[in-house]
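# Secondary and tertiary structure notes
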Amino acid sequence: MTTTSLTPPATQRRQAAPGGRSPGRSGTGTGTSRPGSAWAAPAAVFFALFALVPLVLVAALSLSSWDGLSGPEFVGLGNWKKLFDDPVMLKSLWLSVLLTVLGVVIQTPLSILLGVWAAGHQRNRAVLSAIYFVPLLLSATAVSVLWRAVLDPNFGVPAQASWLFGDGNLFGVQSSAIGVLVFVSAWQFTPLHTLIYQGAARAVPQVLYQAARIDGAGTVRQFFHITLPQLRNSIITSMILMVVGGLTTFETVLILTQGGPGTDTTISAFYMYQKAFKSYDYGTASAIGVLLVLVATVISLIMVRLSGYGKMRSTMEGL
């Protein structure tokens, strides 16, 4: 009588890893393997050399008085005290926050709508998307020079359409100058955030839309109840990029308004440039740079904390 073994051949058995876990799985219980920390070593070294080390040096310089020629002289918190007693600095910080908020408010809904549209299968969508992404390929300097020429009060569009622009000097009034800065920034950087939302929208499982259509949900309800929740992570990421970019905007102000009229568009990054390369006060300029880093970091951490972004563990967007 032949006895049949119930044990499958060794080539068909899945060997259990020590501790009862299957091989190829991480200890997080998510069922997905994670790359080792060595993969992050090149990026960590690059970040340390070109971000952390310069930041530490600038922080040390913010405690010194230096004109760029003689040796630095330690002054402690003197630069910081002078900074917060400077009305132009306080005004520039407020203007930086204002431009950042306006950029987020305008670019976020616009880029979400364009990104979701670009993720579809409409006719000529690819051609129109390629044309729309052209500003993303240009540098901030080139974009600023372009719009400075277009909006020139003597030879640009405003001079030819006085019925719309009045005297045509959009850079002579604070409100219109700020409006120009916000418009130019949105024109250049909205395509970047559109690209983020386009990729995120394409990653949304189509089965969710199929189930919604079966339940009778229209396009608008699908957008608000499926698409937007699924884009939650991307929205936070995009807004953080907008905040950091808004607080560090420099070329646009330098070329379009040069901080004018007066100091009405002198944002903190431009004021830092003036302190360093016009007043040769590198200590105060370094303090402004450190302050911008702290403000951007605090705002980003608050956004991450309030949004629950750091608690996301699913491999699917927004779930």
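The structure we're discussing is the one just above.
Here we summarise the structure given alongside this text. This one's a predicted model, so the numbers in the text were calculated from it and none came from an experiment.

The secondary structure content of the chain amounts to 15 helices and two strands. Counting every position in the chain, which comprises 319 residues, the buried fraction comes to 36%. Look at the contacts in the chain between residues 6 or more apart in sequence, and 66% of them connect residues 24 or more apart. When the accessible surface of the chain is summed, it comes to about 19,200 Å², and 67% of that surface belongs to carbon and sulfur atoms.

What follows deals with the nonpolar core. In this structure, W80, L83, M89, V243, L247, I288 and L291 are the most contacted members of the largest nonpolar core, which totals 19 residues. Of all the elements in the fold, those that place two or more residues in this core are helix 2 (78-84), helix 3 (87-118), helix 12 (232-247), helix 14 (268-277) and helix 15 (282-307). A per-element tally of this core places helix 15 first, with eight residues. Excluding residues within four positions of it along the chain, L291 makes contact with W80, L83, F84, M89 and L93.

Before going further, it helps to examine the pattern of salt bridges. Using the criterion set out here, one finds three salt bridges in the structure. Its salt-bridge partner being D85, residue K81 comes within 3.2 Å of it at the nearest N-O pair. Side by side, K81 and D85 carry an identical accessibility label, which is exposed. D264 serves as the salt-bridge partner of K91, at 2.9 Å between the closest nitrogen and oxygen.

This brings us to the environment of L110. Turning to its location among the elements, L110 is positioned in helix 3. Counting along the chain gives 80 residues from L110 to T190, while the straight-line C-alpha distance between them is 7.5 Å.

With that out of the way, let us pick up helix 15. Here helix 15 is 26 residues long and its end C-alpha atoms lie 37 Å apart, about the 38 Å a rise of 1.5 Å per residue gives. Just beyond helix 15, the residue with positive phi is G308, at close to 75°.

Contact geometry for helix 12 and helix 15: axes closest at 10 Å, N-to-C directions at 165°. Here helix 15 runs roughly antiparallel to helix 12, going by the angle between their axes. Here helix 12 and helix 15 pass one another in a crossing that is right-handed. Touching R232, I236, M239, I240, V243, V244 and L247 of helix 12 are L292, V295, A296, I299, S300, M303, V304 and S307, all from helix 15.

In the segment running from G260 into P261, the intervening peptide bond is cis, with an omega of 0°. With respect to the helices and strands, the residue P261 is situated in the loop between helix 13 (251-256) and helix 14. Within the chain, Q258 stands out as a residue other than glycine whose phi angle is a positive 55°. The topology assignment puts Q258 in the loop between helix 13 and helix 14.

This paragraph deals with the packing of aromatic side chains. For the structure on display, the rule yields twelve aromatic pairs. Pairing W80 with F84 gives two aromatic rings, centres 6.5 Å apart and planes at 25°, and the pair type is stacked. Separated by four residues within a single helix, W80 and F84 lie in helix 2, roughly one turn from each other. A relative accessible area of 43% places F84 in the partly exposed class. An aromatic cluster is present here, built from W66, F250, F270, Y273, F277 and Y282 joined pairwise through their rings. Above the ring of F171, the side-chain terminus of R148 is found at 4.3 Å from the ring centroid.

Within helix 6 (residues 140-150), burial applies to A140, V143, S144 and W147. Viewed end-on, helix 6 has its buried residues packed into an arc of 100°, placing them on one side of the element. The secondary structure elements touched by the buried residues of helix 6 are helix 5 (134-137), helix 9 (174-202) and helix 13.

So, on to the environment of I226. Among the secondary structure elements, I226 is positioned in helix 11 (residues 219-230). For I226, a relative accessible area of 12% puts it in the buried group. Those residues within four positions of I226 in sequence are excluded, and the remaining contacts are V204, L208, Y209, A212 and R221.

Rules and cut-offs
Residues numbered from 1 in each chain as written. Predicted model: local features only at pLDDT ≥ 70, side-chain atom pairs only at ≥ 80, totals over all residues. Heavy atoms only, no water. Helix = DSSP H or I, 4+ residues; strand = E, 2+ residues; numbered from the N terminus. Buried < 20%, exposed > 50% of the residue type's maximum accessible area, 1.4 Å probe, protein only. Contact = heavy atoms within 4.5 Å. Areas by Shrake-Rupley, 256 points an atom, 1.4 Å probe, with all protein chains shown as cover. Core = buried A, V, L, I, M, F, W, Y, C linked by side-chain atoms within 4.5 Å. Salt bridge = Lys/Arg side-chain N within 4 Å of Asp/Glu carboxyl O. Expected span 1.5 Å × (residues − 1). Axes fitted to C-alpha atoms, helices over the stretch in contact; angles between N-to-C directions. Parallel < 35°, antiparallel > 145°, perpendicular 65-115°, else oblique. Left-handed = near helix turned anticlockwise from the far one by under 90°. Phe/Tyr/Trp six-rings, centres within 6.5 Å; stacked < 30°, edge-to-face > 60°. Lys NZ or Arg CZ within 6 Å of the ring centre and 35° of its normal. Arc of directions from axis to C-beta.

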